[in-house]
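# Coordinates in review
The lines below spell out each chain.
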Amino acid sequence: MRAVLFRIWLVLALLATPLAAQDSGTVTEKNPPVAGAEPDSADAALNYADWQQMAVRAEAEIENRNSSAERLEEIRAQLAQWRAALLSSQSANSARIGTLRQQLDALGPAPAAGQTEAEEISKRRQELADQLVRLQAPGIAAEEAYRRADGLIREIDRILRERQADQLLQLWPSPVNPGNWPEAAIGLSDTLLRLWDEAATAWADPQARGKLFDNLPLILILAIVGLALVVYVRGWVERFANRLLEGASARGRKVWSLLASLGEIVIPTLGVVALASAMVASGMLGEIGLSITAALPFAGFVIFAAAWLGARAFPKTQDETAVLPLAPDRRAEGRFLAVLMGLVVAAEALRSAAMDAQSYSDATTAVMSFPILVTAGLILLRIGRVLRKSREVADRSYALRLLTILARGIGFIGFAGPVLAAFGYVQAASALIYPAILSLGLVTLLFILQRLIGDIWAMIIRSDAQGREALVPVLAGFAMTLASLPVFALIWGARFSDMTELWTRFTEGFQLGDTRISPSNFMVFAVIFVIGYMLTRLFQGALRTTILPKTSMDQGGQTALVAGIGYVGIFLAALVAINAAGIDLSGLAIVAGALSVGIGFGLQTIVSNFVSGIILLIERPVSEGDWIEVGGVQGRVRAISVRSTRIETFDRNDVIVPNADLITGQVTNWTRFNLSGRLIVPVLVALGSDTRKVEQILREIAEAQPLAVLNPPPLIVFMGFTDKAMQFEIRVILRDVNFSLTVRSEINHLIMQRFAEQGVAIVPPPAAPAEPSLERIAETVLALEQVLQRVPQARPTPRRSKVAPQDVTPERQAE
C-alpha cells in the first residue's frame, strides 16, 4: 500500500516539477572525486581508483540478496552519476585527436615492408602516432568504465523489477476466510487503543496539558477557519464559478469559470491543512496520531480534486459540445461516484498511515484492505456503466469510442480486483484498482485541459466556432497526451528510475559509424536548417520584388532564377546544418550507393521529371504565362515546379503535365518569343458565285481587322470546289494571337453581313450523321424479331447410317 501512496505523491510532484531536473542520468558534472560522493566539476580528471572502489561496492550489493530496494536505488543513483561523467569523458580530446589524424593523413600512407621514407618524415610520423595514442587513452578508458557502469545499472534494474513482480504475486491469507477475521479485529482494536493511550498519556502529562491550554486560542482559530473553508467557502466558490459561466462574455466565460472553480480544490485543502495544524498544535497526538494527521491534507486534496473532476466531467448543465452527452440523472450519478472514488483513495491512505507502521500480519492487512478494495471495485463497475451509457445518447465520435474502450477496461478491473483480493492476491488487486482510479482522473484532467486550451484559443482568434476545432488546440492536446505517458507509467507501477533511464538513453542518442548522434545534434540541425531556409526565402523575396523587376530580364527568366536560387539555398542550408551538427555521413556512403541503385529503378519516373524540371528552368523553352499546346492540351502555363507543370486551359481547368512530357514530347509554344500568330478562317460559298468578287470581299474584311498585320498582307486562298460548294480560306497574321478567338468571331460576323449585302450564298458545312436514338433502336429490334417469327423453322434431315441395325451397340445408340 505504501508503494501506491508513494506513486500518488510522486505523480503530484511530477505535475509541478520538470522530469529532467530529477534525473540522475542528466547530471552534467564530469568528475566524481571519491567513491559514493556526488560528482564535483572542479576536478580536472576522472579518478579511476575511486570509480573502481565504487564498482566493486556496487557488485557486492548486487550479489547480496538481502540488500534492500532503497539501498539498491541509492547505489543505482551513484552509478548513474558516474555513467554520465564517463559518457562526457569519452569525447575528451576529440578536437585534438581529429587534428592529429589529419596531420597523419597529410604525411601520406606509411611505407610498406622493405620500403623506406625520409628520416624526418618517419620521425614526425612516430611523434604524431605517440601523441594520438596518448590522447586516445582517456577516451578508451572512459568507454570501458562506461560499459561497466551501464551493465551494473541494468543488473540493478533487473533485480528491482523481479522483486516488484514477486511482491505483486505474493499470496496472502484470504480476507474472506472467517478464520482471519479475529486477528484483523485484534489489529484494529490495537490501533484504536494505541490512539487512546497516546491521547491519555499526553493529557496526563502536565507539560503537554499546559501546552494545550496555551495554544487553545490558536487551535480554536485554526479549527474555525478550517471548518469554514471546508464547509462554507467551498460552496461560495462553486456558486461564484457558476455565475461567471452564466454572466461572463460568451467568448471568455468558460475560461474564467474554470479558473475560478480551482478554488474548490485549493481553498478546502487549505482548510484541511488548518485542521491538521490545529490537531498538531494541541500536543495530544502520539506517533500514530501524527501519522494520521500528516495524511489528512493529502486525503482532503484527493477528495476535493475528485469532486472537482466529477463536476467538470459530469456538469449539472451542459451544451451540445459536451464530451459525455448524458442524461441529467446519469450525470448526477457520475458526480456522486467521482466523490466516492476520492473517498476510497483517502480511506486507503488513512488506513496505511495508521496501520502499516505497526507491522501487523499479512492476514490483518488483507482483511482491513479488502472492504476498501471491494468498494472501489463496485465504484469502478458503476462508473464504467455510466460511461458506456454515453454511446446510447449521441453519435459515436472518435473520443467517445476511446471512452467506451476505457469504460470496458475499468469495468473489467472493477470485477477482477476484488476477485484477486478474495483469493489472497491483495497487492495485485491494489496494483489494479488504485492505478485505474488515478488513470481515470488523469484522463479526465487531460480532457479538461484540452477544452481549456480550445477556449483560450477561441479568445485569441475571436472565433468560438473555430476555437476548439483549430489546429493549435489539437496539437496542444496531442503534446499533453505524449507528456502524460510517463505519468501513466508511474501510476501503473513503473519506477522513477525507469523513466530517468529512458530519458538517459534518449539523450545519449545512437552511434553512427564513429559519430554519436544525440537529440541535441538534431536540434542544432533543425535550428540551422530553418535559419538557412528562412534566409533563402527572404533572399528570394528580395529578388522577386526589388532587384529583378529593375532588370531587363523577362518574367519567365525571373521566375526560373528565383526558383533555382531557392533549390540551391535549401541544399546549402542542409549541408551547413549537417556540418554544424557534427553528423558524419561518410559511413553511410556504401549503404547510400547500394540504395541509390534500387531507388533509381523504383523512382526513375520521378527522377526523370525532376531532371526535366531543372532543364526547363535552365533552358526555359516554356515559361510561366506562355500559351502552349502539349499532348492535345492547350492553355497558359501557370506554374513550373520540380516535378510537373500546371497548365490552365481556356475552360479554367488546371491540367498537371509531367515535366518529362515537355522535354521529350512535341510542344507548341504560341507566345514564347513573340505574340504574333496566324489565323485561318475557312469559308464555303455556293457553286456558281463570282470567285473574284468573293475574294475581294474577304480581303477587305481581313484588312479591316485592327490586330491584322499588313506586312505581309492577309492572304485569300481559293482552296478548291465540289459539286455543291467552293472553299476559300482567310489567312491573316495577328499581332497578339491571344485574341484569335475574338478576331475569328468578328470576321465571321462581317462575312455574314457583307455576303448578305452582295447576294453571295453561303453553303453550310455538311451535317454529321445523326446518332440513332434508343426508340429507333428498339423499333428496329422489334421488327427483326417479327421477321424471324414469320420465317418457318427447317427440320433437320436424319442422316442415313451405313451400319447395320444389328451391329449398333447401346453406346452407339446413345451417340
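Residues numbered from 1 in each chain as written. Predicted model: local features only at pLDDT ≥ 70, side-chain atom pairs only at ≥ 80, totals over all residues. Heavy atoms only, no water.

## Some remarks on the overall build of the protein chain
- In terms of regular secondary structure, the protein chain is built from 27 helices and ten strands.
- For the protein chain, the share of sequence-separated contacts (at least 6 apart) that also reach a separation of at least 24 residues comes to 71%.
- For the protein chain, the exposed surface amounts to about 47,400 Å²; the carbon and sulfur share of it is 63%. (Helix = DSSP H or I, 4+ residues; strand = E, 2+ residues; numbered from the N terminus. Contact = heavy atoms within 4.5 Å. Areas by Shrake-Rupley, 256 points an atom, 1.4 Å probe, with all protein chains shown as cover.)

## Quick notes on the packing of aromatic side chains
- Applying the stated criterion across every chain, the model contains five aromatic pairs.
- With centroids separated by 4.6 Å and ring planes inclined at 10 degrees, the aromatic side chains of Phe 718 and Phe 728 adopt a geometry described as stacked. Here Phe 718, found in strand β9 (residues 715-721), pairs with Phe 728, found in strand β10 (residues 725-734); they are ten residues apart in sequence, far enough to count as distant.
- Among the residues examined, Phe 718 registers a relative accessible area of 38% and is labelled partly exposed.
- Grouped by ring-pair contacts, the aromatic residues Phe 718, Phe 721 and Phe 728 constitute a single cluster.
- The residue whose ring lies beneath Arg 209 is Trp 203, and the NZ or CZ to ring-centre distance is 5.6 Å. (Phe/Tyr/Trp six-rings, centres within 6.5 Å; stacked < 30°, edge-to-face > 60°. Buried < 20%, exposed > 50% of the residue type's maximum accessible area, 1.4 Å probe, protein only. Lys NZ or Arg CZ within 6 Å of the ring centre and 35° of its normal.)

## A short note on the side chain of Glu 729
- You can see Glu 729 is positioned in strand β10.
- According to the relative accessible area criterion, Glu 729 is buried, its value standing at 12%.
- A distance of 3.0 Å separates a polar atom in the side chain of Glu 729 from a polar atom in the side chain of Arg 731. (Polar contact = N/O pair within 3.5 Å; in protein donor to acceptor, adjacent residues only side chain to side chain.)

## Notes on unusual backbone geometry
- Look at the link from Asn 711 to Pro 712: it is a cis peptide, with omega at 5 degrees.
- The topology assignment puts Pro 712 in the loop between α24 (691-703) and β9.

## A short note on the sheet that holds strand β8 (residues 677-686)
- Sheet architecture is open: three strands sit in the order β8-β10-β9, paired in antiparallel fashion. Either end of the sheet is taken by a strand with one partner, and the two such strands are β8 and β9. Strand after strand, the sheet turns through a mean of 20 degrees between neighbouring axes, direction not considered.
- Pairing between β8 and β10: ten bridges, direction antiparallel. Bridge assignment links Val 681 to a residue of β10, and that residue is Ile 730.
- In this fold α24 packs onto β8, β9 and β10, with an angle of close to 25 degrees to the strand it touches most, β10.
- Set on the sheet, helix α25 (residues 740-758) makes contact with β8 and β10; between it and β8 the angle comes to about 25 degrees. (Pairing = 2+ DSSP bridges. Axes fitted to C-alpha atoms, helices over the stretch in contact; angles between N-to-C directions.)

## Section: the packing of helix α2 (residues 48-63) against helix α3 (residues 69-89)
- Following both chains from N to C, one finds α2 and α3 inclined at 150 degrees, their axes separated by 11 Å at the closest point. With respect to the hand of their crossing, α2 and α3 are arranged in left-handed fashion. Between α2 and α3, the residues in contact are Tyr 48, Asp 50, Trp 51, Met 54, Arg 57, Ala 58 and Glu 61 and Arg 71, Leu 72, Ile 75, Gln 78, Leu 79, Trp 82 and Leu 86, respectively.
- Grouping the amino acids of the contact of α2 with α3 by side-chain chemistry returns nine nonpolar, one polar and four charged. (Left-handed = near helix turned anticlockwise from the far one by under 90°. Nonpolar A, V, L, I, M, F, W, Y, C, P; charged D, E, K, R; others polar.)

## What about the environment of Ile 528?
- Topologically, Ile 528 is positioned in helix α19 (residues 519-547).
- Residue classification places Ile 528 among the partly exposed positions, given a relative accessible area of 25%.
- For the pair Ile 528 and Val 576, spaced 48 residues apart in sequence, the C-alpha to C-alpha distance is 7.5 Å.
- Contact partners of Ile 528, with chain neighbours within four places excluded, come to Val 576, Ala 577 and Ala 580.

## Examining the packing of α3 against helix α5 (residues 119-168)
- Two elements in contact, α3 and α5, have axes whose closest approach is 9 Å; the angle formed by their N-to-C orientations is 155 degrees. Classified by the interaxial angle, the pair formed by α3 and α5 is roughly antiparallel. Pair α3 / α5 crosses with left-handed handedness.
- Among the residues forming the contact of α3 with α5, the class breakdown is 16 nonpolar, two polar and six charged. (Parallel < 35°, antiparallel > 145°, perpendicular 65-115°, else oblique.)

## Some points on the environment of Asp 157
- Along the chain, the position of Asp 157 falls in helix α5.
- Placed 85 residues apart in sequence, Asp 157 and Leu 72 show a C-alpha to C-alpha distance of 8.9 Å.
- Apart from residues lying up to four places away in sequence, Asp 157 is in contact with Arg 76, Arg 495, Ser 497, Asp 498 and Glu 501.

## Some details on the pairing of strand β3 (residues 627-630)
- By the bridge criterion, four bridges tie β3 to strand β4 (residues 633-640) in an arrangement that is antiparallel. Residue Val 630 lies in a different strand from β4, and its bridge partner there is Val 633.
- Linkage of β3 to β4, two consecutive antiparallel strands, is achieved through a turn of two residues, within which Gly 631 is found at a positive phi near 60 degrees.
- The pairing of β3 with strand β7 (residues 667-669) spans three bridges and is antiparallel. In the sheet register, Val 630 faces β7, and the bridge partner there is Val 667.

## Quick look at the nonpolar core
- If you look at the biggest cluster of nonpolar residues, it comprises 34 residues, and the most contacted ones within it are Phe 314, Leu 324, Leu 373, Leu 380, Ile 383, Ile 433 and Ile 437.
- For this core, the secondary-structure elements that each account for two or more residues are α11 (287-313), α12 (328-355), α13 (362-389), α14 (398-422) and α15 (426-461).
- Ranked by residue count, the leading element in this core is α13, at ten residues. (Core = buried A, V, L, I, M, F, W, Y, C linked by side-chain atoms within 4.5 Å.)

## Description of the confidence of the model for the protein chain
- In this model, the protein chain carries a mean pLDDT of 80, and residues with pLDDT of at least 70 account for 80%.
- Below a pLDDT of 50 lies the segment residues 8-44, which in the model reaches 73 contacts outside its immediate sequence neighbourhood of four places, other chains included.
- In this model, residues 794-815 is a region of pLDDT below 50 whose contacts with residues beyond four sequence positions or in other chains number three contacts. (pLDDT = per-residue confidence, 0-100.)

## Brief notes about the sheet that holds strand β5 (residues 644-648)
- Strand order across the open sheet formed by five strands is β6-β5-β4-β3-β7, with antiparallel pairing between neighbours. Each edge of the open sheet carries a strand with a single partner, namely β6 (654-658) and β7. Between one strand axis and the next, the sheet turns by 40 degrees as a mean value, whatever way the strands run.

## Section: a nonpolar patch on the surface
- Among the surface-exposed residues, Trp 203, Phe 213, Leu 216, Leu 220 and Ile 224 lie close enough to one another that they form a single nonpolar patch of about 520 Å² accessible area.
- Relative to the helices and strands, Leu 220 is located in helix α8 (residues 216-247).
- Judged by its relative accessible area of 47%, Leu 220 falls in the partly exposed class. (Patch = residues over 30% accessible without salt bridge, like charges linked within 9 Å, V, L, I, M, F, W, Y side chains within 5 Å. Salt bridge = Lys/Arg side-chain N within 4 Å of Asp/Glu carboxyl O.)

## Let's talk about the side chain of Arg 76
- Looking at the element boundaries, Arg 76 is found in helix α3.
- Beyond its immediate sequence surroundings of up to four residues, Arg 76 is in contact with Ile 153, Ile 156, Asp 157, Ser 497, Thr 500 and Glu 501.

## Topic: the pattern of salt bridges
- Tallying each qualifying case throughout the model produces 29 salt bridges.
- Residue Arg 194 is joined to Asp 190 by a salt bridge in which the shortest nitrogen-to-oxygen separation is 3.2 Å. In this pair, Arg 194 and Asp 190 both sit in helix α6 (residues 181-204), four residues apart, roughly one turn of the helix.
- Overall, Arg 194 belongs to the partly exposed group, its relative accessible area being 35%.
- Overall, Asp 190 belongs to the partly exposed group, its relative accessible area being 25%.

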